[in-house]
Amino acid sequence: MEEGKDISIVIPLLNEEESLPELVSRIEQVAVREGWNHEIILVDDGSTDGSWKTICRLAGEYPQVRGICFRRNYGKSAALHCGFRMACGRVVATMDADLQDSPEELPGMYRMITEEDYDVVSGWKQNRQDNRLTKNLPSKLYNATARLITGIRLHDMNCGIKTYRNDVVKSIEVYGEMHRYIPYLAKNAGFGKIGEKPVHHQKRKYGKSKFGLERFVNGFLDLLSLWFLSTFGKKPMHFFGFTGILMFLAGFVISVVIICQKLVNQANGLRFRPVTDQPLFFIALAAVLIGVMLFLAGFICEMVSRNSSDRNSYNIKDSF
């Protein structure tokens, strides 16, 4: 692997044959103007058009172009994972291949990493050129939820154009659909200086979007999974055990109160309702059983966690 690059630009793509020549040309113009020693890593995520042939042709024209071609479509996270693994630049940038992200934004974001010591810089599409009803409004709701759960004050968590320090992308694992939450993955890995920069967003020039409204539902579920794993991944008993104890105690106390109330009324010759005739008693009994099950689930999760190969995997910033 060639070392000493200023910047590696990782671009995942799917059926973007028409946009690639213009995109690479614009990136090259920016890189030459900035005097970067750079590389452009194009990751073909199982395209069915002529994208790979175009990448091969561009590699012949531009020595800085490198390519990865998947045999089938694995998703954007897989493409980024492989691109990050190949990248050797001091700064690693990502952007989409549809020309909605402007390569001209990269120098400013690059300087925020190299001069202002940011770990991650995310683009912020202040004036989106997408359909307002199907993209803008759901995006605002999605980002508000992401800010609430992650604690990261980004306006556009899922913006395609971002820059990272090299050790950030080498310290995280992007899988599933977690590409939406790379800033959160970075934060959980100990890289806390995360910023954003307003960027110009353009209308799609070629092709059509590869994402539908279902990405917002899936994205919310992925966010909950990531939050749970980052919070309780190495201490599951803190969640299951605590919740189980609360359920058990609530059910036990309610059951005792119902039984005691029946015994007191019976001893004083008052009317009383049989315990088994009260729906609340069965609800309390169910709470006790669920509490025990949650507690046992916590034990099982702890055993699994202790046998994990990365249970003592930590990111060390420095040592001597």
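Remember, predicted model here, so these are calculated numbers, not experimental data.

Details of the environment of Tyr184
Here is step 1: With respect to the element layout, Tyr184 can be found in helix α7 (residues 182-188).
Here is step 2: Owing to a relative accessible area of 4%, Tyr184 belongs among the buried residues under this scheme.
Here is step 3: Leave out the neighbours within four places in its chain, and Tyr184 touches Ile149, Thr150, Ile152, Leu223, Leu226, Trp227 and Ser230.

Topic: unusual backbone geometry
Here is step 1: Despite not being glycine, Leu99 shows a phi value in the positive range, around 70°.
Here is step 2: Its relative accessible area of 3% is what places Leu99 among the buried residues.
Here is step 3: The phi angle at Asp117 is positive, at roughly 65°, despite the residue not being glycine.
Here is step 4: Its relative accessible area of 51% is what places Asp117 among the exposed residues.

Some words on the sheet that holds strand β4 (residues 89-94)
Here is step 1: Read across the open sheet, the seven strands follow the order β3-β2-β1-β4-β6-β5-β7; overall the sheet is mixed. Strand pairing shows two members of the sheet lacking a second neighbour, β3 (65-69) and β7 (194-199), which therefore form its edges. Averaged over neighbouring strand pairs, the angle between their axes works out to 20° when direction is ignored.
Here is step 2: In this sheet, β3 lies alongside strand β2 (residues 38-44) in parallel orientation, the contact comprising five bridges. Bridge pairing in β3 places Ile40 opposite Val65.
Here is step 3: Across the face of the sheet, helix α1 (residues 20-34) comes into contact with β1 (5-13), β2 and β3 while running at roughly 160° to β2.

Considering the pattern of salt bridges
Here is step 1: Per the counting criterion, the structure on display carries 11 salt bridges.
Here is step 2: The partner of Glu61 in a salt bridge is Arg57, and the shortest N-O contact between them spans 3.1 Å. With Glu61 and Arg57 both in helix α2 (residues 51-61) and four residues apart, this pair spans about one turn of that helix.
Here is step 3: Linking Arg165 and Asp119 is a salt bridge whose minimum nitrogen-to-oxygen distance equals 2.3 Å. Of this pair, Arg165 sits in strand β6 (residues 162-165) while Asp119 sits in the loop between α4 (106-114) and β5 (120-125), and the two are 46 residues apart along the sequence.
Here is step 4: Looking at Arg165, the relative accessible area reads 25%, which means it is partly exposed.
Here is step 5: Linked by salt bridges that have partners in common, Glu22, Arg26 and Glu104 make up one network.

Remarks on the pairing of β1
Here is step 1: Burial of β1 is extensive: eight of the nine residues sit out of reach of the surface.
Here is step 2: Alignment of β1 against β4, held across five bridges, turns out to be parallel. Bridge pairing in β4 links Lys5 to Gly89.
Here is step 3: Across seven bridges, the pairing between β1 and β2 is parallel. What sits directly across from Pro12, in β2, is Val43.
Here is step 4: In this view, the connection linking β1 to its parallel neighbour β2 by way of α1 has right-handed handedness.

A word on the side chain of His38
Here is step 1: Mapped onto the secondary structure, His38 falls in strand β2.
Here is step 2: Here Glu28 takes part through its side chain, which lies 2.8 Å from a polar atom of the side chain of His38.
Here is step 3: In this structure the side chain of His38 is engaged in a polar contact, spanning 3.4 Å, whose partner is the backbone oxygen of Trp36.
Here is step 4: Residue contacts for His38: discarding those within four places in its chain leaves Lys5, Ile7, Glu28, Ala31 and Gln64.

Some points on the packing of aromatic side chains
Here is step 1: Applying the stated criterion across every chain yields a total of seven aromatic pairs.
Here is step 2: Taking 5.3 Å as the distance between ring centres and 90° as the angle between the ring planes, the aromatic pair formed by Phe70 and Tyr74 counts as edge-to-face.
Here is step 3: On the basis of relative accessible area, Tyr74 is assigned to the partly exposed category, the value being 44%.
Here is step 4: Judged by centre distance (6.1 Å) and plane angle (5°), the rings of Phe248 and Phe252 are stacked. Remark: Phe252 and Phe248 occur in helix α9 (residues 237-267); sequence separation between them is four residues, near one turn of the helix.
Here is step 5: With a relative accessible area of 33%, Phe248 lands in the partly exposed category.
Here is step 6: Across the ring face of Tyr118, the terminal group of Lys193 is positioned such that the distance to the ring centre comes to 4.9 Å.

Conventions adopted
- As a convention, each chain's residues are numbered from 1 in the sequence order in which they are written.
- Only residues with pLDDT of at least 70 are given local features in this predicted model, and only at 80 or more are side-chain atom pairs given and counted; all residues enter the totals for whole chains, interfaces and linings.
- Excluding hydrogens and water, the side-chain values take into account all heavy atoms of the structure.
- Strands are runs of DSSP state E lasting at least 2 residues, helices are runs of H or I lasting at least 4, and numbering of each runs from the N terminus.
- Exposed residues in this analysis have more than 50% of their type's maximum accessible area, buried residues have under 20%, and partly exposed residues fall in between, with area computed by a 1.4 Å probe over protein chains only.
- Any pair of residues with heavy atoms lying within 4.5 Å of one another is described as a contacting pair.
- One requirement defines pairing of two strands: DSSP has to find at least two bridges between them.
- In this description, a line fitted to the C-alpha atoms serves as the axis of each element, helices being fitted only across the stretch in contact, and the angle between N-to-C directions of two axes falls anywhere from 0 to 180 degrees.
- Salt bridge, as applied in this entry: a Lys or Arg side-chain nitrogen positioned within 4 Å of an Asp or Glu carboxyl oxygen.
- A clockwise course of the path from the first strand over the helix to the second, judged with the strands pointing away from the viewer, identifies a crossover as right-handed.
- Polar contact criterion, stated in full: a pair of N or O atoms within 3.5 Å, where within protein one must be able to donate a hydrogen and the other to accept it, and residues adjacent in sequence count only if both atoms are side-chain atoms.
- Any Phe, Tyr or Trp ring, taking Trp's six-membered ring, that has another such ring centre within 6.5 Å forms a pair; planes under 30 degrees apart are called stacked, those over 60 apart edge-to-face, and the others tilted.
- Whether a charge sits over a ring depends on NZ of Lys or CZ of Arg being within 6 Å of the ring centre and within 35 degrees of the ring normal.

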